Amino acid sequence: MKPLREMTTEELSAALEALDTERPRDTALRLALYLELRRAAAEEWVFKGEGEAGDVLDS
């Protein structure tokens with residue numbers, strides 16, 4: 001298994017879905033995966049929209 005910081009949003013989402021089936025009461029792991037998913041999604045959003053964001057700020 002990859003370290004959380006190296007997982008994509010798709011991998012993290014799949015891990016959360018698997019957690020629902022395998023360990024539905026593991027709140028600590030669910031929270032860790034959810035927080036990492038939010039970080040990864042924000043990072044992907046920033047990098048995908050980086051050029052666009054600069055254009056908006058420069059206006």
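Everything here concerns the structure above.
Here the structure is a predicted model, which is why all the values come from computation and not from measurement.

1. Here we look at the nonpolar core
When a protein is soluble and globular, its nonpolar side chains tend to lie buried together.
Then comes step 1: Listed in full, the eight residues of the largest apolar core are M7, L12, A15, L16, L19, L33, L37 and A40.
Then comes step 2: Breaking this core down by element, the ones donating at least two residues are helix 1 (9–22) and helix 2 (27–48).
Then comes step 3: Here the element with the most residues in this core is helix 1; it accounts for four residues.
Then comes step 4: With residues up to four places along the chain from it excluded, the contact list for L16 reads R30, L33, Y34 and L37.

2. A word on a nonpolar patch on the surface
Then comes step 1: There is a patch of nonpolar side chains on the surface, built from L31, Y34 and L35 and spanning about 300 Å² of accessible area.
Then comes step 2: Within the secondary structure, Y34 sits in helix 2.

Rules of the game
Residues numbered from 1 in each chain as written. Predicted model: local features only at pLDDT ≥ 70, side-chain atom pairs only at ≥ 80, totals over all residues. Heavy atoms only, no water. Core = buried A, V, L, I, M, F, W, Y, C linked by side-chain atoms within 4.5 Å. Buried < 20%, exposed > 50% of the residue type's maximum accessible area, 1.4 Å probe, protein only. Helix = DSSP H or I, 4+ residues; strand = E, 2+ residues; numbered from the N terminus. Contact = heavy atoms within 4.5 Å. Patch = residues over 30% accessible without salt bridge, like charges linked within 9 Å, V, L, I, M, F, W, Y side chains within 5 Å. Areas by Shrake-Rupley, 256 points an atom, 1.4 Å probe, with all protein chains shown as cover. Salt bridge = Lys/Arg side-chain N within 4 Å of Asp/Glu carboxyl O.

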